[in-house]
Amino acid sequence: MNRPFSGNPGEAQPQVDAGSGGGGASHPTAVVICSDAAVRTRLAMLLGAGTAAFGSVDELADALDGSPIVAVLGPSFVDPIELTAAEQLLAARREVAAIMVTDELSTDLLQRALRAGVKDVLQSPVEPHDLQAAVDRVGRTIGPVSTVSGPGSEQFDDDGEVGRVVMVFSTKGGSGKSVIASNLAVLLAQRSEKPVVLVDADLQFGDVAVMLKLAPQHTIVDAVSSLDRMDATMLRELLVEHQPEGLLVLPAPLEPAFADQIGAAEMVRIVETLRTFAGYVVIDTPAYFNDVVLGLIEVSDDVLLVAGMDIPNIKNVKIGLQTLRLLNTPMEKLRLILNRANSKVRLDSSEVERTLGVKADALIPSDIVVPQAVNRGEPVVLSAPRSEVAKAFGQLADQFIPSGSKKRWF
Ligand SMILES: Nc1ncnc2c1ncn2[C@@H]1O[C@H](COP(=O)(O)OP(=O)(O)O)[C@@H](O)[C@H]1O
Ligand SMILES: [Mg+2]
């Protein structure tokens, strides 16, 4: 009750021990950071008496003791310097997750906040109930901070590094996204020391499970419906394993109608949980921009943009590239993959590169063994490893983990 609401350096240092702030024992510990004293007091009051409040990120950093904390960042974090400080703290301290409360919510601010690692942005005035709900939701995304023991714990060998998220995207259906995502994921699973997960985010028409001939017991729908209780161990149980390389797959819903139940926040949360234990999370996507795709682009380290070798394909990919630029997607994330690059369609890859204004990072040839493999439910890198197309996938995978090495490259 007598906890200080202000974290001014001269004052007694607020304690940040788990389970104390925010009232009920089932809530994660929340703290408020804002350089405006009146605002931080008001926000702290919304979360209940006893919620610690700090004037800056540094003050919170000094008070951390390793227990999971949800930091509610006040409106002063629109300031890029403050936001950068928060970003650094969030990157360095995995036990801290953040929400931002802002006076004015713009797409620009939302993007900057998400890029800084903030999990949710709320617009003030915010109701106590909504703020608490956001704190609870975000609190559950804090991965295991201490070593987890118990069944399968060797899978969660936590070196403190989060996995790399590689999304395969195109604005044209049939361009080869699913073929590329599944073959790349299989190769990374062969080469990676840590688990590799393939997520089918083509929620309506996902066909990764069919391409890999898997009979899934669970899909993304199960992950979303148990999201409240979700942690890495639970999520791992829902994944189906592809043999022999041990790729873990989270399949799309079996019925297109279920797609509506799954929003961007849920998908992002699932991916963020997967990357706590996976070395790589490869994501297959639908052929259009929706909120799920936009959310996933934000959290992805790499966006592999797939272009087929015909004019409608190139036109659509060009529009897709323009959209990504408008969304301020960092261009360093983008890698262009030209699929069916040797087709006798009189389109030269250098011509395509010139049209798109981007150099291709990989050229995947057209090969009859691809549809043959798809129809057998086998990834071509396993069924025809000596084919030219399998070699091209090998070179694509080399850009993440060189073949023959068991070490991650980035
Ligand atoms: N490099 C390729 N060579 C030959 N056929 C291909 C190649 N890439 C994709 N295909 C064929 O195109 C079809 C569509 O590919 P898919 O990966 O399902 O596209 P998307 O997921 O983008 O809709 C597949 O069934 C496959 O047979
Ligand atoms: Mg597909």
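What counts, and where the lines are drawn
Residues numbered from 1 in each chain as written. Chains lettered and ligands numbered in written order. Predicted model: local features only at pLDDT ≥ 70, side-chain atom pairs only at ≥ 80, totals over all residues. Helix = DSSP H or I, 4+ residues; strand = E, 2+ residues; numbered from the N terminus. Buried ≥ 20, exposed ≤ 12 C-beta atoms within 10 Å, placed from the backbone. Contact = placed C-beta atoms within 7 Å. Axes fitted to C-alpha atoms, helices over the stretch in contact; angles between N-to-C directions. Parallel < 35°, antiparallel > 145°, perpendicular 65-115°, else oblique. Left-handed = near helix turned anticlockwise from the far one by under 90°. Nonpolar A, V, L, I, M, F, W, Y, C, P; charged D, E, K, R; others polar. Pairing = 2+ DSSP bridges. Near = placed C-beta within 6 Å. pLDDT = per-residue confidence, 0-100. Expected span 1.5 Å × (residues − 1). Right-handed = clockwise from strand over helix to strand, strands pointing away. Arc of directions from axis to C-beta.

J.: I would appreciate a short explanation of the overall build of the protein chain in the present structure.
T.: Helix and strand counts for the protein chain come out as 16 helices and 13 strands. The buried share of the protein chain, taken over its 410 residues, is 43%. Relative to all contacts within the protein chain whose residues are 6 or more apart in sequence, the contacts with residues 24 or more apart total 73%.

J.: What exactly am I supposed to notice about the packing of helix H6 (residues 177–191) against helix H16 (residues 388–398) here?
T.: Helix-helix packing is described using two parameters, namely the angle between the two axes and the distance between the axes. Packing of H6 against H16 brings their axes to within 9 Å, and their N-to-C directions diverge by 60°. Here H16 runs oblique to H6, going by the angle between their axes. Helix-helix and strand crossings are classified by hand; for H6 and H16 the assignment is right-handed. Seen from H6, the contacting residues are Asn183, Leu184, Leu187, Leu188 and Arg191; seen from H16, they are Phe393, Gly394, Leu396 and Ala397. Of the residues assigned to the contact of H6 with H16, the class counts are six nonpolar, two polar and one charged.

J.: Sorry if this is basic, but what is going on with the sheet that holds strand S4 (residues 96–102) here?
T.: As a general point, the strands of a sheet are linked pairwise by backbone hydrogen bonds and lie either parallel or antiparallel. Taken together, five strands build an open sheet; the order of strands is S2-S1-S3-S4-S5 and the sheet is parallel. Looking at strand neighbours, the two that pair on one side only are strand S2 (52–54) and strand S5 (120–123), the edges of this open sheet. When strand polarity is set aside, the average angle formed by the axes of neighbouring strands in this sheet is 25°. Along the sheet, helix H5 (residues 128–139) contacts strand S1 (29–33), strand S3 (69–73), S4 and S5; its crossing angle with S5, the most-contacted strand, is approximately 175°.

J.: Explain the site of ligand 1 here, please?
T.: Among the 17 residues in the neighbourhood of ligand 1, the closest are listed as Gly176, Lys177, Ser178, Val179 and Pro371. Elements supplying a minimum of two residues to the shell around ligand 1: H6 and helix H14 (369–376). Grouping the amino acids of the shell around ligand 1 by side-chain chemistry returns six nonpolar, eight polar and three charged.

J.: Just checking my understanding: could you explain the confidence of the model for the protein chain for this structure?
T.: Predicted coordinates in areas of low pLDDT are best not read in detail. In the predicted model, the protein chain carries a mean pLDDT of 85, and the fraction of residues at 70 or more is 87%. Taken as a whole, residues 1–25 scores under 50 in pLDDT and shows 60 contacts with residues more than four places along the chain or in a different chain. Below a pLDDT of 50 lies the segment residues 145–158, which in the model reaches 17 contacts outside its immediate sequence neighbourhood of four places, other chains included.

J.: Can you help me understand unusual backbone geometry in this one?
T.: Peptide bonds are mostly trans, and most non-glycine residues show a negative phi. A cis amide bond links Ser124 with the next residue in sequence, Pro125, at an omega value of 5°. Cis rather than trans, the peptide bond between Gln243 and Pro244 has omega equal to 10°. Mapped onto the fold, Pro244 is located in the loop between strand S8 (240–242) and strand S9 (247–250). Despite not being glycine, Asn328 has its phi angle at roughly 60°, a positive value. Within the fold, Asn328 resides in the loop between helix H12 (311–326) and strand S12 (334–339). A residue is classified by how many C-beta atoms lie within 10 Å of it, and Asn328, with 12 of them, is exposed.

J.: Quick question: what am I supposed to make of H6 here?
T.: The α-helix advances 3.6 residues per turn, and as a result positions three or four apart in sequence lie on the same side. Over its 15 residues, H6 extends 21 Å from the first C-alpha to the last, a length consistent with the 21 Å expected when each residue adds 1.5 Å. A large share of H6 lies buried, amounting to 14 of its 15 residues.

J.: Help me understand the pairing of S1, please; the structure alone is not making it clear to me.
T.: Every other side chain in a regular strand lies on the same face of the sheet, so the side chains alternate between the two faces. Most of S1 sits inside the fold, with five of its five residues counted as buried. As paired elements, S1 and S3 share five bridges and run parallel to each other. Within the sheet, the bridge partner assigned to Thr29 lies in S3 and is Ile69. Bridge count for S1 against S2 is three bridges, and the pairing is parallel. Along S2, the bridge assignment pairs Ile33 with Phe54. Regarding topology, helix H1 (residues 37–46) serves as the crossover connection from S1 to the parallel S2, and that connection is right-handed.

J.: Honestly, the sheet that holds strand S10 (residues 280–284) in this entry has me stumped. Any pointers?
T.: The mixed open sheet is built from eight strands, whose spatial order is S8-S9-S7-S10-S6-S11-S12-S13. One side of each edge strand has no neighbouring strand; the edge strands of this open sheet are S8 and strand S13 (360–364). With direction set aside, neighbouring strand axes in the sheet form an average angle of 25°. Here strand S7 (residues 196–200) pairs with S10 via five bridges, running parallel. Within the sheet, the bridge partner assigned to Val196 lies in S10 and is Tyr280. Packing of H6 onto the sheet brings it into contact with strand S6 (164–169), S7, S9, S10, strand S11 (302–307), S12 and S13, and relative to S10 it is tilted by some 165°.

J.: What exactly am I supposed to notice about the environment of Met331 here?
T.: Secondary-structure assignment places Met331 in the loop between H12 and S12. The spatial distance from the C-alpha of Met331 to the C-alpha of Val303 is 9.3 Å, given a sequence separation of 28 residues.

J.: In this structure, what is going on with H1? I would like to understand it.
T.: Burial in H1 covers these residues: Arg40, Leu43, Ala44 and Leu46. Along the axis of H1, the buried positions cluster into a sector of 155°, meaning they face one direction only. Along its buried surface, H1 packs onto S1, S2, S3, S4 and H5. Of the residues trailing H1, Gly48 is marked for its positive phi of about 105°.

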